[in-house]
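Topology and contacts: notes
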Amino acid sequence: MQYLATFLEGIISFISPCMLPMLPIYISYFAGSAEEKRHPLPRAISFVLGFTLVFSMMGLFAGTIGSFLTHYRSWVNIVCGIIIILFGFNFLGIIKLPVIHSAHKSVKIKGLFSAFLFGIVFSISHTPCIGVFLGSALTTAAASGMVMSGFLLLLVYSLGMGIPFLLAAVLVDKLTGLFNSIKKNYNVINIVCGFFLVLMGIFMMLGWMNGFVEMLDTAAHSSHNH
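These numbers come from a predicted model, not from an experiment.

Nonpolar side chains collect at one region of the surface, where V188, V192, F196, L199, I202, F203, L206 and W208 lie side by side and expose about 770 Å² of accessible area between them. Residue contributions to the nonpolar patch peak at seven residues, all from helix 11 (residues 186–206). A relative accessible area of 49% places L206 in the partly exposed class.

We now examine the side chain of S46. Residue placement: S46 occurs in helix 3 (residues 41–60). Beyond its immediate stretch of four places on either side in the chain, S46 contacts L112, A115 and F116.

The terminal C-alpha atoms of helix 7 (residues 112–125), which comprises 14 residues, lie 20 Å apart, in line with the 20 Å expected from a rise of 1.5 Å per residue. Of all the positions in helix 7, only A115, F118, G119, F122 and S123 are classed as buried. Taken around the axis of helix 7, the buried residues stretch over an arc of 135 degrees, which confines them to a single face. Among the exposed residues of helix 7, those pointing more than 90 degrees away from its buried face are F113 and I124.

Counted by the stated rule, this structure contains 10 aromatic pairs. Seen from their ring centres, F14 and F165 are 5.0 Å apart, and the 80 degrees between their planes marks the pair as edge-to-face. Of this pair, F14 sits in helix 1 (residues 2–14) while F165 is found in helix 9 (residues 147–170), placing the two residues 151 residues apart along the sequence. F165 matches F14 in its accessibility class, with the two residues each being buried.

Turning to the confidence of the model for the chain, a few remarks are in order. Looking at the chain as a whole, its pLDDT mean stands at 75, while 70% of the residues score no less than 70. Predicted confidence in the chain is weakest over helix 6 (residues 98–106), with a mean pLDDT of 55, and strongest over helix 3, with 89.

The interhelical angle for the contact between helix 3 and helix 7, taken along N-to-C directions, is 40 degrees, at an axis separation of 7 Å. Taken as axis vectors, helix 3 and helix 7 run oblique relative to one another. Taken as a pair, helix 3 and helix 7 cross one another with a handedness that is right-handed. Where helix 3 approaches helix 7, its residues P42, R43, S46, F47, L49, G50, F51, L53, V54 and F55 are matched on the opposing element by L112, A115, F116, F118, G119, I120, F122 and S123. Class assignment of the residues belonging to the contact of helix 3 with helix 7 gives a composition of 13 nonpolar, four polar and one charged.

Turning our eyes to something else, we now look at the packing of helix 5 (residues 73–92) against helix 11. Look at helix 5 against helix 11: their axes get within 7 Å of each other, and the N-to-C directions meet at 165 degrees. For the element pair helix 5 / helix 11, the angle class is roughly antiparallel. The interaxial crossing formed by helix 5 with helix 11 has left-handed handedness. Packed against helix 5, whose contacting residues are N77, I78, C80, G81, I82, I84, I85, F87, G88, F89, F91 and L92, the element helix 11 presents N190, I191, G194, F195, L197, V198, M200, G201, I202, M204 and M205 at the interface.

With that settled, consider the environment of H39. Positionally, H39 belongs in the loop between helix 2 (23–31) and helix 3. Since its relative accessible area comes to 45%, H39 is described here as partly exposed. Each C-alpha atom, one on H39 and one on V172, is 9.1 Å from the other, the two residues being 133 residues apart in sequence. Apart from the residues lying within four places of it in its own chain, the contact partners of H39 are A169 and V170.

Once that is clear, we can look at the nonpolar core. Counting 36 residues, the largest nonpolar core has Y26, F47, F51, F122, L154, M161 and F165 as the members making the most contacts within it. Those elements that provide at least two residues to this core are helix 2, helix 3, helix 5, helix 7, helix 8 (131–144), helix 9 and helix 11. Considering every element that reaches this core, the biggest residue donor is helix 9, with seven residues.

Cut-off values and rules
- Residues numbered from 1 in each chain as written.
- Predicted model: local features only at pLDDT ≥ 70, side-chain atom pairs only at ≥ 80, totals over all residues.
- Heavy atoms only, no water.
- Patch = residues over 30% accessible without salt bridge, like charges linked within 9 Å, V, L, I, M, F, W, Y side chains within 5 Å.
- Areas by Shrake-Rupley, 256 points an atom, 1.4 Å probe, with all protein chains shown as cover.
- Salt bridge = Lys/Arg side-chain N within 4 Å of Asp/Glu carboxyl O.
- Helix = DSSP H or I, 4+ residues; strand = E, 2+ residues; numbered from the N terminus.
- Buried < 20%, exposed > 50% of the residue type's maximum accessible area, 1.4 Å probe, protein only.
- Contact = heavy atoms within 4.5 Å.
- Expected span 1.5 Å × (residues − 1).
- Arc of directions from axis to C-beta.
- Phe/Tyr/Trp six-rings, centres within 6.5 Å; stacked < 30°, edge-to-face > 60°.
- pLDDT = per-residue confidence, 0-100.
- Axes fitted to C-alpha atoms, helices over the stretch in contact; angles between N-to-C directions.
- Parallel < 35°, antiparallel > 145°, perpendicular 65-115°, else oblique.
- Left-handed = near helix turned anticlockwise from the far one by under 90°.
- Nonpolar A, V, L, I, M, F, W, Y, C, P; charged D, E, K, R; others polar.
- Core = buried A, V, L, I, M, F, W, Y, C linked by side-chain atoms within 4.5 Å.

Written out as structure tokens, the structure is:
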């Protein structure tokens, strides 16, 4: 079932190496300082709605975007692979990407609207990093040949990536120990994730990540048939 496969691709995007180390940072943006004592869930919902809007709009135009990704898949893989490798070098401390550092330093979420805007910025800045999964969802949407189907597929993809964000926001108090552990070992996690990102970038440039996504789609279809 294509919706199940797309939902799983959203979840995998959430736990990808370039997303997971940033989770405590994102949740801290939503929660604010200890003095503010605000619950992060409303802002997390606005953040998820922000990137859901962008991805869903991509689904509406999937006929064009999906066709482009299909015809120029090799070039898209190479460009996204290079960007992912640069993300990896950033985590390894080899280079510093000004866009990432300035974006995170300038983020000040004071309300629902700013969280919504942050979600939009997030969707654009992290598209290369989740490109292989997002690209697969867009290609599937384009193959459906229906505008509403494309919209729903990318909505399901956004839910797959958004629900873990919301769960993390709801369980923020219970996950404090985990977040503190991540922060305590942040340098080690950055190095490990940096190496994974470099490998992901190389695999994407070689087209091997597409094989992984196709295997995921096959597994989802097989489970549905059984």
